[in-house]
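# A structural walkthrough
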Amino acid sequence: MRSRDRQRYSRQILVRALGEEGQQRLLDSSAVIAGCGGLGTFLADALCRAGVGRLVLIDRDYVEFSNLQRQCLYRESDAEEGLPKAVAAARRLAEVNSDIQIQAEVADLTADNIGRLLGGAGVVLDGTDNFETRYLMNDFCVKNGIPWVYGGAVATYGTVMTVLPGETACLKCVYPAAPSNGNVTCETVGVLNTVPAVVAALQASEAIKILAGKREAVSRRITSLDVWSGLVRQIKQPGPDPECAACGRREFVHLDAARRAPVTLCGRNAVQIHEAPRQVNLEETARRLQPLGQVRVNPYVLRFSIPPYEITLFPDGRAIIKGTMDTGLARSLYARYIGM
Ligand SMILES: [Zn+2]
């Protein structure tokens, strides 16, 4: 190990359960963090400082003022600039640890791009806020034998579960369908900022064990906790269910569904449009839209304001239309101003 690494990670190498060998494995490993919100920013910070050699940060959204209460890598200027979260997070972390590789992916994780984004990962961490994306990750990870760590944080409670394909139950074994409260998100019922911190700390610990080759130490329990009551509950995680559609029957339906329909972003009063993926020149589009409303542009995102709507356009043609939950209206705004 380089003396610079031995110095930087000295407090971690001293931890007997990890040691220098475990640290070296971390340095040689890679992790993907899907979603850079409350969970994802904490996960990325922890794994970056821990010396995971390569981090891929995926997020489809941009920084907003309401994120600053809990999303620990962002500052006010990121929200003012409307920077994509993946870019803002990677920028910040490059200042924390310049010895590791950090890849920012401003993208919506879909069946089309999941192979490129998650392929080859040593572990995948769930920083998303919806079951649709989690089922997609579960299918991909189970199919390819990649461990992944589920995490949920809402209001004052959280849940953590590690999926070791072939060894433990997968997400579909435990939740064959999205829980009926699946639409309860931090956008609708809020979230205390200590919840993502504690949930992500548990997730990151699992990831460190997996990446350091300490698989036997991985928790075989589903942990639920409530920071308000202070109660922590753990149940034994079952083994793979032979009847499970994903890990039992190996029917990976979520990987087949190349969905491109507009998606409402729950509780955000916004719709995402991603029907016509293509390269868009933001500068050019900005010049065209200038006479029609207020336009702001940076290399990552274009913001076009036509009250009561606001269109945020990414270079891959994806857009988030704020001010409506009506997908039809959002599509027509997209068609009118951006073009299909
Ligand atoms: Zn399963």
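Here the structure is a predicted model, which is why all the values come from computation and not from measurement.

### Quick look at the domain arrangement of the chain
By a widely used convention, the size of an interface equals the accessible area lost when the partners come together. Split by domain assignment, the chain resolves into domain 1 (3–256) and domain 2 (263–337). For domain 1 versus domain 2, the distance between C-alpha centres works out to 29 Å.

### Observations concerning unusual backbone geometry
In this structure, the amide linkage connecting Pro 307 to the following residue, Pro 308, adopts the cis form with an omega of 5 degrees. Structurally, Pro 308 can be placed in the loop between strand 12 (302–306) and strand 13 (309–313). In the Ramachandran plot, Ala 155 falls in the positive-phi region, its phi being about 50 degrees despite a non-glycine side chain. Within the secondary structure layout, Ala 155 lies in the loop between strand 5 (148–154) and strand 6 (157–163). In this structure Ala 155 comes out as partly exposed when scored by C-beta crowding, with 17 C-beta atoms within 10 Å. If you check the backbone angles, Arg 250 has positive phi at about 55 degrees while not being a glycine.

### Details of the pairing of strand 14 (residues 319–322)
Here strand 10 (residues 270–273) runs beside strand 14; their pairing, made up of 4 bridges, is antiparallel. What sits directly across from Ile 273, in strand 14, is Ala 319. Where strand 13 folds back on strand 14, the antiparallel hairpin that results is connected by 5 residues, among which Gly 317 adopts a positive phi of roughly 90 degrees.

### Here's the deal with the sheet that holds strand 3 (residues 101–106)
The strand order 3-2-1-4-5-6-7-8 describes an open sheet built from 8 strands, whose pairing is mixed. Sheet topology places strand 3 and strand 8 (231–236) at the edges, where each strand pairs with a single neighbour. Neighbour to neighbour, the strand axes of the sheet diverge by 15 degrees on average, direction disregarded. Docked against the sheet, helix 6 (residues 85–96) engages strand 2 (54–59) and strand 3, running at close to 165 degrees with respect to strand 3. Strand contacts of helix 11 (residues 194–211): strand 1 (30–34), strand 4 (123–126), strand 5, strand 6 and strand 7 (221–226), with the helix running at about 175 degrees to strand 5, the strand carrying the most contacts.

### Looking at helix 14 (residues 327–337)
Along an α-helix, residues three or four positions apart point the same way, because every turn accommodates 3.6 residues. Of all the positions in helix 14, only Ala 330, Leu 333 and Tyr 334 are classed as buried. When helix 14 is viewed along its axis, its buried side chains cluster within an angular range of 100 degrees and face the same direction. Exposed side of helix 14, more than 90 degrees from the buried face: Gly 328, Ser 332 and Arg 336 are the residues found there. For helix 14, the elements touching its buried residues are strand 10, strand 13 and strand 14. A positive phi of about 95 degrees marks Gly 339, the residue just after helix 14.

Basis of the calculations
Residues numbered from 1 in each chain as written. Predicted model: local features only at pLDDT ≥ 70, side-chain atom pairs only at ≥ 80, totals over all residues. Domains from an automatic or database assignment. Helix = DSSP H or I, 4+ residues; strand = E, 2+ residues; numbered from the N terminus. Buried ≥ 20, exposed ≤ 12 C-beta atoms within 10 Å, placed from the backbone. Pairing = 2+ DSSP bridges. Axes fitted to C-alpha atoms, helices over the stretch in contact; angles between N-to-C directions. Contact = placed C-beta atoms within 7 Å. Arc of directions from axis to C-beta.

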